[in-house]
Amino acid sequence: MSEIHTKAPSGENWAVEIQDMNKWYGGFHVLRDISLQVESGERIVICGPSGSGKSTMIRCINRLEEHQAGHIFVDGMELTNDIKKIDEIRREVGMLFQHFNLFPHLTVLQNCTLAPMWVRKIPKQEAEKAAMKYLERVKIPEQANKFPGQLSGGQQQRVAIARSLCMAPKIMLFDEPTSALDPEMIKEVLDVMVELAEDGMTMLCVTHEMGFAKTVANRVIFMAEGQIVEENEPHEFFNNPQNDRTKLFLSQILNH
Amino acid sequence: MSTFVSKPELPPPASTVGAVGWLRTNLFSTPSNVVLSVFSFYLLYLVIPPFFDWAFLSADWAGTSQEDCTSGGACWIFVSRRLELFIYGFYPTKEYWRVDLLFALLAVLFVPQFFDAFPYKKLFGILLLTVYPVIAGVLLIGGIFGLVPVETGKWGGLMLTLVLAFVGIVAALPFGILLALGRRSEMPVIRAICIGFIELWRGVPLISVLFMASVMLPLFLPEGMNFNKLLRALIGIVMFQSAYMAEVIRGGLQAIPKGQSEAAEALGLSYWKSMGLIILPQALKLVIPGVVNTFIALFKDTTLVLIIGLFDVLASVQSAITDPAWRNVSTEGYVFAALAFWVFCFSMSRYSQKLERRLHTGH
């Protein structure tokens, strides 16, 4: 597969900007001095050992977790305790979860139209049309009237992608989207994610799928113990790691 | 080489199928089970035929007074003569039609809920919860639209029991939901208030709540301010039951995986929208058994209003029993009261099972 490394034009407005962010869980210092700038249209893959704070970091971006020090800016707006700002930011940021988190009491179509109807106040007909369009894009339009419990894991995650896309977000966060799937289903989800990347979506992806990183990422970030240890474009990252910790991690995951 | 010959298909041994088979497996399988079964049949033989004889075969059904209860069985004449007291309490006879109309309306709105094919179920359900209480209030209290006012002190019997239970149930559920949400809130003041409320009302017996509401409240209120007794009882019952309801619902809320509210938040849904559209529908479905249990307990707890001088169906049966015109009719009276309660509680139980089966579609 050809590697997609086209960089979006840089400007003053970062899609996501994190300045010296620190976070504690009680007494435990989970994120230490995180600084990151993401341009619009960039694809970032974040990798690292468990407990390194990768999921916590991206969950801070849509305020599923609160940071105690430093600043986070999403699309120019700062993330503070202001509920209105938080809701505005959440409308522009879509999120995929490891365990899909579809709403089991609603059909696939209702899962997709719920937020557009209730948050963006889009009328039902229009919301359903858009939902069908996105379900076709993730290649499961025929499942529209089924319940999530009737679908396979890969199908559920694709519904979750469609559900997020229905809100027309500018940024998508992926929290280990394929970790709960078996190899065949991983491919179907990754294919959809690659298409999203080709369409210019800004993506921050926590994943262990290094093949995806090599294909699609503009930058790979390695985190350990709550800090960003190294970041680089994929070719350099995988072939020429600068930090010992990175070398150790890569040797563990690439050798089997 | 041999050819395959199918062995003949035989029926199973006679002692393992049919009624004989069922008896052998379920009642007479081991010696100790045989003993238990024989003993149980003996107990049933001691209890059921005499009861059946008393209640139906030897009973007196028609007549006008104690003198007509000549056979040794149940004196149902007592029930039929005092039935109006048991159902309407002291409601004026001329205005019985108002209560009858409400009973009929209740049946019309509630009974179709049991039938799957009925198209207007949802509409009837909403009417039952919103329009019906208003109509009931207007019809029972009167005073407007040319209706004779009937003060609440005259209400009694089954009608009063249903008023107490219906208002209690319809008010306790939303109030309980709010308390449960408040108890799980991250705002310390709200959480403290909800915990305090729940622990206070759960910590005292309902009878003392009613007693305090009825006897002690007037001592604290300024002179001349008179709080309607029925209203006091209703408030006490609703407060009490909401505390129980809150804990049942909180159990359901805790069972919903955190990922559900995270996904709702990530989509931009506000707290109330995610509660109303995502979390509560799932949580309430989970706790239907607990909620209906609380409703049934509430229904039976309404008998405690006797302590404050309100005559529900049990109290009116008791007062009729002490009437010197009827002797030895306590059994008949209590059997009637028990039957009345059983009919309503069992209906609620069946409806809840139906609801659970219907809501299981999909997942």
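Residues numbered from 1 in each chain as written. Chains lettered and ligands numbered in written order. Predicted model: local features only at pLDDT ≥ 70, side-chain atom pairs only at ≥ 80, totals over all residues. Heavy atoms only, no water.

**Considering the overall build of chain B**
In plain terms, the rule: To qualify as a helix, a DSSP run of H or I must reach at least 4 residues; to qualify as a strand, a run of E must reach at least 2; elements of each kind are numbered from the N terminus. Only C-alpha atoms enter the radius of gyration, while the globule expectation follows 2.2 Å times N to the 0.38, with N the number of residues. In this scheme, a residue with accessible area under 20% of its type's maximum is buried, one over 50% is exposed, and one in between is partly exposed, where area comes from a 1.4 Å probe on protein chains only. Contact definition: two residues touch when any of their heavy atoms are within 4.5 Å. For the area figures, the Shrake-Rupley method with a 1.4 Å probe applies, and any residue is considered shielded solely by the protein chains shown. Neither His nor the chain termini are counted; the positive set is Lys and Arg, and the negative set is Asp and Glu. Positions of charges follow a simple convention, taking NZ of Lys, CZ of Arg, CG of Asp or CD of Glu.
Counting secondary structure elements, chain B contains 14 helices and one strand. The C-alpha radius of gyration of chain B comes to 27 Å, more than 25% above the 21 Å expected for a compact globule of 363 residues. Principal-axis analysis of the C-alpha atoms places the extent of chain B at approximately 105 × 75 × 40 Å. Classification of the 363 residues of chain B by burial places 39% in the buried group. Of the contacts formed within chain B by residues at least 6 apart in sequence, a portion of 66% connects residues at least 24 apart. Looking at chain B as shown, the accessible area adds up to about 20600 Å², and 70% of this sits on carbon and sulfur atoms. Within chain B, one finds 25 positive and 21 negative side-chain charges whose respective centroids are separated by 9 Å.

**Overview of helix α2 (residues 83–92) of chain A**
Put simply, the rule reads: What qualifies as a polar contact is a pair of N or O atoms within 3.5 Å, subject to a donor-acceptor requirement within protein and to the restriction that residues adjacent in sequence count only when both atoms come from side chains.
Among all positions of α2(A), only Ile86(A), Asp87(A), Ile89(A), Arg90(A) and Glu92(A) are buried. Tucked inside the fold, the buried residues of α2(A) contact α1 (54–61), β4 (69–74), β5 (77–78), β6 (93–96) and β7 (171–175) of chain A together with α10 (258–266) of chain B. A distance of 3.2 Å separates the backbone nitrogen of Lys84(A) from a side-chain oxygen at the start of α2(A), and that oxygen is part of Asp82(A).

**Topic: the side chain of Asp312(B)**
Residues and elements named next belong to chain B. The test is simple: Salt bridge, as applied in this entry: a Lys or Arg side-chain nitrogen positioned within 4 Å of an Asp or Glu carboxyl oxygen.
Residue position: Asp-312 is located in strand β1 (residues 311–312). Buried charge without a partner: Asp-312 forms no salt bridge, and the closest opposite charge is Lys-229, 12 Å away. Other than its neighbours up to four places away in sequence, Asp-312 contacts Gly-157, Leu-160, Thr-161, Thr-302, Thr-303, Val-305 and Phe-341.

**Quick look at the sheet that holds β7(A)**
Residues and elements named next belong to chain A. Worth spelling out the cut-off: Note: two strands are recorded as paired if DSSP finds a minimum of 2 bridges between them. Fitted lines through C-alpha atoms serve as axes, helices being fitted only where they are in contact, and the angles separating the N-to-C directions of these axes extend from 0 to 180 degrees.
What the six strands build is an open sheet, ordered β6-β7-β8-β3-β9-β10; its pairing is mixed. The open sheet has two free edges, formed respectively by β6 and β10 (227–232), since each of these has just one partner strand. For this sheet the average axis-to-axis angle between neighbouring strands, irrespective of direction, equals 20°. Each of β6 and β7 is contacted by helix α5 (residues 153–165), which is oriented at about 170° to β6, the strand it contacts most. Helix-sheet contacts for helix α9 (residues 244–254) involve β3 (43–47), β9 (219–224) and β10, and the interaxial angle to β9 is about 100°.

**Quick notes on the domain arrangement of chain B**
Rules: For the domain bounds, the source is a domain assignment made automatically or taken from a database.
Splitting chain B by domain gives domain 1 (37–61) and domain 2 (82–359). Computed over C-alpha atoms, the centres of domain 1 of chain B and domain 2 of chain B are 36 Å apart.

**A word on the sheet that holds β4(A)**
Residue and element names in this part refer to chain A. One open sheet holds the four strands; their spatial order is β2-β1-β4-β5, and the pairing between them is antiparallel. The strands lining the two open edges of the sheet, one partner per strand, are β2 (28–38) and β5. As defined by bridge partners, strand β1 (residues 16–25) adjoins β2 across seven bridges and the pair is classed as antiparallel. Within the sheet, the bridge partner assigned to Met-21 lies in β2 and is Ile-34. Relative to the sheet, α1 contacts β1, β2 and β4, its axis offset from that of β1 by approximately 120°.

**Quick word on the interface of chain A and chain B**
Heads up, the condition is: Summed over both partners, the accessible area lost on bringing two parts together, with a 1.4 Å probe, is the buried area. Charged residues are taken to be Asp, Glu, Lys and Arg, nonpolar residues to be Ala, Val, Leu, Ile, Met, Phe, Trp, Tyr, Cys and Pro, and polar residues to be all remaining types, Gly included.
The interface is formed by 21 residues belonging to chain A together with 17 residues belonging to chain B. Both sides together, the interface formed by chain A and chain B hides about 1900 Å², and carbon and sulfur atoms give 65% of it. Seen at the junction of chain A and chain B, the total is two salt bridges. Residue Glu262(B) pairs with Arg59(A) through a salt bridge whose shortest N-O separation is 2.7 Å. Remark: the boundary between chain A and chain B carries seven residue pairs in polar contact (both at pLDDT 80 or more). Every element with two or more residues in the side of chain A that touches chain B is listed here: α2, β6 and α3 (108–118) of chain A. A total of three residues in the side of chain A that touches chain B trace back to one element, the largest contributor, which is α3(A). Taken together, the residues that form the side of chain A that touches chain B break down as 13 nonpolar, three polar and five charged.

**Regarding the pairing of β10(A)**
Residues and elements named next belong to chain A. Where β9 and β10 come together, five bridges link them in antiparallel fashion. By the bridge assignment, Val-220 is partnered in β10 with Asn-232. Hairpin geometry of β9 and β10 is characterised by an intervening segment of two residues between the two adjacent antiparallel strands and by a positive phi of about 50° at Glu-225.

**Some remarks on the packing of aromatic side chains**
What characterises a pair of aromatic rings is the spacing of the ring centres plus the angle enclosed by the ring planes. To keep things clear, this is the line we draw: For Phe, Tyr and Trp, rings pair up if their centres lie within 6.5 Å, where Trp contributes its six-membered ring, and each pair is then called stacked (planes under 30 degrees apart), edge-to-face (over 60) or tilted (otherwise). As a reminder, the over-ring test applies to NZ of lysine and CZ of arginine, requiring each to be within 6 Å of the ring centre and within 35 degrees of the ring normal.
Tallied over the full model, the rule gives 24 aromatic pairs over all chains. Ring centres 5.8 Å apart and planes at 65° place the aromatic pair Trp54(B) and Trp76(B) in the edge-to-face group. With a gap of 22 residues between them, Trp54(B) in helix α2 (residues 31–57) and Trp76(B) in helix α3 (residues 76–88) connect regions that are remote in the sequence. The pair formed by Trp54(B) and Trp76(B) is uniform in burial state, with each residue classed as buried. Look at Phe299(B) and Phe344(B): their rings are 5.5 Å apart centre to centre, the planes differ by 25°, and that puts the pair in the stacked class. In this pair, Phe299(B) sits in helix α12 (residues 288–301) while Phe344(B) sits in helix α14 (residues 330–359), placing the two residues 45 residues apart along the sequence. When its relative accessible area of 26% is taken as the criterion, Phe344(B) is described as partly exposed. A cation sits over an aromatic face here: Arg163(A) above Phe103(A), 4.6 Å from the ring centre.

**As for the side chain of Thr202(A)**
Residues and elements named next belong to chain A. Within the element layout of this structure, Thr-202 appears in strand β8 (residues 202–206). Take Thr-202: its relative accessible area is 2%, and that puts it in the buried class. Contact partners of Thr-202, with chain neighbours within four places excluded, come to Ala-15, Val-38, Glu-39, Ser-40, Gly-41, Glu-42, Lys-170, Ile-171 and Met-172.

**What about the pairing of β8(A)?**
Consecutive residues of a regular strand have side chains that alternate between opposite faces of the sheet. Residues and elements named next belong to chain A. The buried fraction of β8 is high, at five of five residues. Alternating residues of β8 divide into Thr-202, Leu-204 and Val-206 and Met-203 and Cys-205, and every residue in both groups is buried. Bridging between β3 and β8 involves four bridges; their strand directions are parallel. For Ile-46, the partnering residue across the bridge sits in β8 and is Val-206. Pairing between β7 and β8: five bridges, direction parallel. Bridge pairing in β8 links Asp-175 to Val-206.

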